[in-house]
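This is what each chain is made of:
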Amino acid sequence: MPASNAWNINYLTLFFKRDLLLCNEHLVSVTMAEYDESWRESDLTVLFLSGAPLKNLSWEGIVDISTVQGQEKLLHSTILHNTCTQFPLDAEYRRKFLKKVIDAVESCNTEVCEELYTSYVDCLTEASTKSEFSYKSYYLHSIRKYVTLMESSIFLCSGTTGLTTWQGAKVLADWCIRNKALFTNKRIIELGAGIGLSGIIVVKSCDPLSYVFTDYHDKVLKILNYNVGLNFSELPVIHTDNSEILNDSLMLPSRFVSGRTDISVDRIDWTDEYGLNAVMKDSGVFDVILAADVVFEPSIICSLVQTLSNIMHVANQANTRCVAYVAVAVRNRETFNQFCEELTLKSFQFQELEISLPCMFYIDPIFTVKLLKIVLDTMKS
Ligand SMILES: C[S@@+](CC[C@H](N)C(=O)[O-])C[C@H]1O[C@@H](n2cnc3c(N)ncnc32)[C@H](O)[C@@H]1O
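Quantities reported herein were computed from a predicted structural model and do not represent experimental measurements.

Draft legend 1. Fine view of the overall build of the chain. The number of helices and strands found in the chain is 14 helices and ten strands. By residue count, 39% of the 381 residues in the chain fall in the buried class. Here the analysis covers contacts within the chain between residues at least 6 apart in sequence; of these, 71% occur between residues at least 24 apart.

This is the structure we're talking about:
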């Protein structure tokens, strides 16, 4: 079965379980404890809030849009879902989704409910003043909560690739949740963290001792810092005007706490050892290095591998075995091979890990994502 189908079926099963509860007249007799136990977010809601491609969103067999109640139910599990009203998805994405629903309702010669039209007009107005940033929310089944991130809708924006969540980040996060024990109680550093999905999920699910998010690009660091605060600040979170975040100056390192995990956001440029040395002086030795979708540009491979080497040698000197897990979306085979050759040159041993499918988060099946476990070959180094 293709991976994408398996993914959908997995979530459909969860949806039907919840839907039975919602539609069942006996719902009132279900105690809150039972209700909580059985509650699962629907596949449609999960896909919608994470901004999955509209072609993957289907309400067929789930809600009956030929009735006003069906249309309202669809609206409340997507556009008017609490998470979306609090942290709105891109207005153009919402507009296109509503257009798809309205077209479908009209094609069955049914009346379109007023709430649907009102929402469409609101999105139309909003979409005309397009904002660079909006939100995506990723559902974590283990804690039944959303991880919400401010993201750009453009892959290459302000001269960086770091303002959106890449495939590798989702695969890495998924793998870490399934292998939680490897990260619990560990001191973790992430390289090229972008806007933070993998790290935020690892902190929420795996209970590490410390987690240092790093990147080098000013704008990426500001959005990363905002996203970490959004998910870990003890203050109530509100939707913030992104110009405020981008115009404010950011003092690094910036620190947060989640349970017993010390979290920091800091700057490391792989081409400049000064940043790395300063972070290591501050945070000490690391047990784990994480990185997702950082192998995409041949010119930075050498410095990236050198950074891995520097962190691992410091750990080695402190008798700590540091392990790196690097998720690579293979867009160009030569770039991937170059990364593997550089690892061998710098005395690393590496192996490809098995990735479980379906992934918990929607991933575009176009690119193969490989996950490498990398350690220093201490006999050679
Ligand atoms: C394709 S993005 C991946 C972001 C994130 N890990 C993800 O998977 O969503 C690559 C990231 O590497 C960072 N990066 C690129 N060159 C870098 C360098 N020389 N030093 C540190 N980070 C760098 C970028 O700022 C960007 O955030």
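Further notes follow.
Draft legend 2. The sheet that holds strand β4 (residues 210–215), seen in detail. On the basis of which strands lie adjacent, the open sheet formed by eight strands has the order β5-β6-β4-β3-β7-β8-β10-β9 and mixed pairing. Unpaired on one side and paired on the other, β5 (254–258) and β9 (348–353) mark the two borders of the sheet. Ignoring which end each strand starts from, the neighbouring axes of this sheet average 20 degrees apart. Relative to strand β10 (residues 368–376), β9 is paired through six bridges, and the arrangement is antiparallel. Bridge pairing in β10 links F350 to I374. Helix α8 (residues 167–178) rests against β7 (288–292), β8 (323–330) and β10 of the sheet, and its axis sits at about 140 degrees to β8. Contacts between helix α14 (residues 333–345) and the sheet are confined to β8, β9 and β10, with β8 contributing the most and set at about 160 degrees to the helix.

Draft legend 3. Region of the structure containing the packing of helix α6 (residues 91–107) against helix α7 (residues 114–128). The interhelical angle for the contact between α6 and α7, taken along N-to-C directions, is 150 degrees, at an axis separation of 9 Å. Every pair of crossing elements has a handedness; the one defined by α6 and α7 is left-handed. Two secondary-structure elements touch here, α6 through A91, E92, R94, R95, L98, V101 and I102 and α7 through L116, S119, Y120, C123, L124, E126 and A127. Partitioned by chemical class, the residues of the contact of α6 with α7 number nine nonpolar, one polar and four charged.

Draft legend 4. Up close: the packing of helix α13 (residues 301–317) against α14. Relative orientation of the contacting elements α13 and α14 amounts to 40 degrees, with a least axis distance of 10 Å. On the basis of the axis angle, α13 is oblique to α14. As α13 packs across α14, the resulting crossing turns out to be right-handed. Along the contact surface, α13 presents I301, C302 and V305, while α14 presents Q338, F339, E342 and L343.

Draft legend 5. The pairing of β5, seen in detail. Sheet topology places β5 next to strand β6 (residues 261–267); five bridges connect them, and they run antiparallel. If you follow S258 over to β6, its bridge partner there is T261. Connecting β5 to the antiparallel partner β6 that follows it, the hairpin turn spans two residues, and G259 within it adopts a positive phi of roughly 60 degrees.

Draft legend 6. Region of the structure containing the nonpolar core. Counting residues in each nonpolar core, the largest one holds 99 residues, and the members touching the most others are L172, V202, L224 and I289. Each of two domains, domain 1 (3–130) and domain 2 (154–376), supplies a minimum of three residues to this core. If near-sequence neighbours (up to four positions away) are discounted, L172 is found in contact with S198, L290, A292, Y325, A327 and L371.

Draft legend 7. Up close: unusual backbone geometry. A cis geometry characterises the amide bond from L252 onward to P253, with omega recorded as -5 degrees. Locating P253 in the fold gives a position in the loop between α11 (242–247) and β5. Of note, the amide linkage connecting L357 to P358 takes the cis form, showing an omega dihedral of 0 degrees. Its location among the elements puts P358 in the loop between β9 and β10. Of note in this structure, N319 is not a glycine but carries a positive phi near 55 degrees. Tracing the backbone shows N319 in the loop between α13 and β8. The exposed category is assigned to N319, around which 7 C-beta atoms lie within 10 Å.

The rules behind the values
- Residues numbered from 1 in each chain as written.
- Predicted model: local features only at pLDDT ≥ 70, side-chain atom pairs only at ≥ 80, totals over all residues.
- Helix = DSSP H or I, 4+ residues; strand = E, 2+ residues; numbered from the N terminus.
- Buried ≥ 20, exposed ≤ 12 C-beta atoms within 10 Å, placed from the backbone.
- Contact = placed C-beta atoms within 7 Å.
- Pairing = 2+ DSSP bridges.
- Axes fitted to C-alpha atoms, helices over the stretch in contact; angles between N-to-C directions.
- Left-handed = near helix turned anticlockwise from the far one by under 90°.
- Nonpolar A, V, L, I, M, F, W, Y, C, P; charged D, E, K, R; others polar.
- Parallel < 35°, antiparallel > 145°, perpendicular 65-115°, else oblique.
- Core = buried A, V, L, I, M, F, W, Y, C linked by C-beta atoms within 7 Å.
- Domains from an automatic or database assignment.

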